[in-house]
Amino acid sequence: MKKSNSVIIVGVVFAVVIVFLLGVFAIIKSSSKGRTTESMLKHIKVKENEPTKASISLDDNTLYDELPEITKYPLAVDANADIVLEVMTSPEKAGDDYESWLIDVAKEFNKSNVTTDDGKTIGIQVRPVSSGLAADYIISNKHTPQLFTPSNYLWGEYVNANGGNVTMYNERLVGNTAGLLIDKNSEYKTFEDIVGAVQEGKINIGYTNPQTSSTGMNMLLSILVYGDPENPFSDKAIESFNKFQNNIPFVAYNTMQMRDSAQKGTLDGMILEYQTYINEPNVNKLYNFIPFGIRHDNPLYIVNEDLLSDGEKDAIKIFNDYCMDSSSQSIATRYGFNANDDYKSDRQFTGSEVNKALEMYKANKDNGKDIIAVFVADCSGSMYGDPIIQLKESLSNGMQYINENNYVGLVSYSDDVTIEVPIAKFDMNQKSYFQGGINGLTANGSTASYDAVVVAMDMIEKEKVNHPDAKAMIFLLSDGYQNVGYDLSTITPALKESNIPVYTISYTAEADTDAMRKLSEVNEAATINADSEDIVYKIKSLFNSQM
C-alpha cells in the first residue's frame, strides 16, 4: 500500500514539474517573441563617450579617387597575340550560362588565329565590369581598355560628358530591351498605367540605383519623360518624379536585392532586361514584361581612339565583323538577345541630360524628407589590423556623400556598446564630432553585433519623435561574427516592427556573410561583401545613393 502511494506521489510530482517547465518555456518563448527595443536595452551595457572634435578634410575628392585596382575585376578571357584588344563589357554578356555570349565569341575568335592584312595575329581579352563602374574607370583614366560595350548608349554619353573619350563604333552588338515587370494578374498593362498606379499608391514596384545601373538610369529618364514629355527637367516633371518616388518602398542597391524582394512579395513589380527575364522561369512565369525607355542594344565604343595604332583599328574592325556574323549572332539569339526588335524608342538623351537627371535624383530622391542614420562600427578583436583601418578610412572618406540636412550618429561595439556620437544634424560641427569618433575606434574584445543594432534602433526611435516623417536606416560595418549578447532571432520582431533597414558591409573575405545577409533581409536592405581593395569605393557608392 505504501509502495503504491509512493508511486502515485512521485507521478504527481513529476507531472507538476513537467507542467511547470512547459509553462516556463512557453513564457520564455513568448517573451522572446514579444521583446521590445526598450525591454532589450535593460540587458545591454551601454556607455556614452564624450564626443571630441577632429579636423575634417575639405578636399573635393570623388569616387574616382577610391577606384580599386582593375585586378579586382579579373579577365574572363585572356589572350596572347601581336595585337591584343581588351573589351570591357557589362556582365550580362560575360558571365555564366546564358550570360556568356561575349566570352564564347572571344574564345572562338582567339582559336581561329585571325590576322590583320599585314599578318599580325589578333587576340581578344574580355573583362566583365558593370557599366557604371566601367565608365568611372574610363573617365578617371585609371584603366582604359581599347573597347567598351555597356548595356546602353547612355553610359557612352555619360563618359564623354564627364571628361572621358569614347567613340561609338557599332550602335548594336546584340539587341536587348529594358522592361517593367508586373504581376500577370495585374490590371495594369502599360508603362504609363503602372507609373500612374504607383503615384496613386495602389502598387509597389522597385528599381535599381540609377547612378550605377543601366536599367535604373533608363527608368529614371523614362519617369521624367512621363512627367513632362516636352521638357523632362521642368518643375512639372520633377513634381511627377517626386510623387512617384514617394510611393517607392526602396531603390534597390543591386538587381539581386530587388529580385529577392519581388519574389518574397514585397513588390508588385520590378525592372529587368528581357534577356534575363526570358531565361529565368521563376520570373517570367509570374510577371508580364513591358518594355520601356531606350533600347539596350549593347553598343561598341572605341576608347581614346586617337591613341590607337592603325593595326589596333584594323583589328577592331575585324573583331566587330566577327561579332556581327551569323554564327555569333545565332549564339546571342539562343541566349535570349535579339528579341523584341519591333520595340523602338525615338527619344535620345545627351550626356549633359544624363548628368542633369542624376543631379536631380540625388537632390529629390527622398522628397525633402529628413534622413536619420546610425553607423554601427564593429570594434571587436576580429577586426584588428587591416579591417579596422579600412572601416575608419571608408567612413572618413565617405562622409562627403552624406547630405548636411541628414541626422547622423555613431555607435561602436565589442563586448559592450558605446555611443560615440549622439544623433545630430550633419553640419560642419557634427562632421567634426563624427571624425573624432572615427579616430578613436580601436579593435579588441568580443562581438555583440545585435546588441549594438538594438542600441541604434533606440537612438533612431527617440530621434524620430522630433522628425516623425524621417526616413531611418542603420549601417552595420563588421565582419559579421557575433558571439555575445542577443542573437538575430531575438531582435528580429522588434526590428521588423521598427521597419528600419540595416545595410550591412563586411570587411574581410572570411566574413560571416550569411549572417549579414539575413540581418539585411529583415527590412529589405542591401549587403555589401567587399575586401580591403574596394570597400572604400563601395561604401562611398552606397552613401552616394542612400544618403
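Turning next to the sheet that holds strand β1 (residues 46-48). Taking strand neighbours across the sheet as the criterion, the 7 strands line up as β1-β14-β13-β12-β15-β16-β17 in an open arrangement whose pairing is mixed. Two strands in the sheet have a free side with no partner beyond their single neighbour: β1 and β17 (527-529). This sheet shows a mean twist of 20° between the axes of neighbouring strands, independent of strand direction. Two elements, strand β13 (residues 407-413) and strand β14 (residues 417-425), share 6 bridges in a ladder whose sense is antiparallel. Considered in β14, the bridge of Val 411 is made with Ile 419. The strands touched by helix α19 (residues 513-521) are β15 (471-478), β16 (502-506) and β17; relative to β16, the strand with the most contacts, the crossing angle is about 165°.

By the element assignment, His 296 lies in the loop between β10 (287-295) and β11 (300-303). Spatially, the C-alpha atoms of His 296 and Asn 176 are 4.8 Å apart, while their sequence positions differ by 120 residues. Contacts of His 296, omitting those with residues within four sequence positions, involve Ser 151, Asn 152, Val 174, Gly 175, Asn 176, Thr 177, Ala 178, Ser 214, Thr 215, Asn 218 and Glu 273. In this structure the side chain of His 296 is engaged in a polar contact, spanning 3.1 Å, whose partner is the side chain of Asn 152.

Across residues other than glycine, the phi torsion is negative in most instances, and most of the peptide bonds are trans. With phi around 50°, Asp 97 is a residue other than glycine that occupies positive phi space. With respect to the secondary-structure elements, Asp 97 resides in the loop between β2 (83-89) and α3 (101-111). Using a relative accessible area of 63% as the deciding quantity, one classes Asp 97 as exposed. Even without being a glycine, Asn 304 presents a positive backbone phi close to 50°.

Cut-offs used in this document
Residues numbered from 1 in each chain as written. Predicted model: local features only at pLDDT ≥ 70, side-chain atom pairs only at ≥ 80, totals over all residues. Heavy atoms only, no water. Pairing = 2+ DSSP bridges. Helix = DSSP H or I, 4+ residues; strand = E, 2+ residues; numbered from the N terminus. Axes fitted to C-alpha atoms, helices over the stretch in contact; angles between N-to-C directions. Contact = heavy atoms within 4.5 Å. Polar contact = N/O pair within 3.5 Å; in protein donor to acceptor, adjacent residues only side chain to side chain. Buried < 20%, exposed > 50% of the residue type's maximum accessible area, 1.4 Å probe, protein only.

So, to be careful, I would describe these as geometric facts and stop short of saying anything about function.
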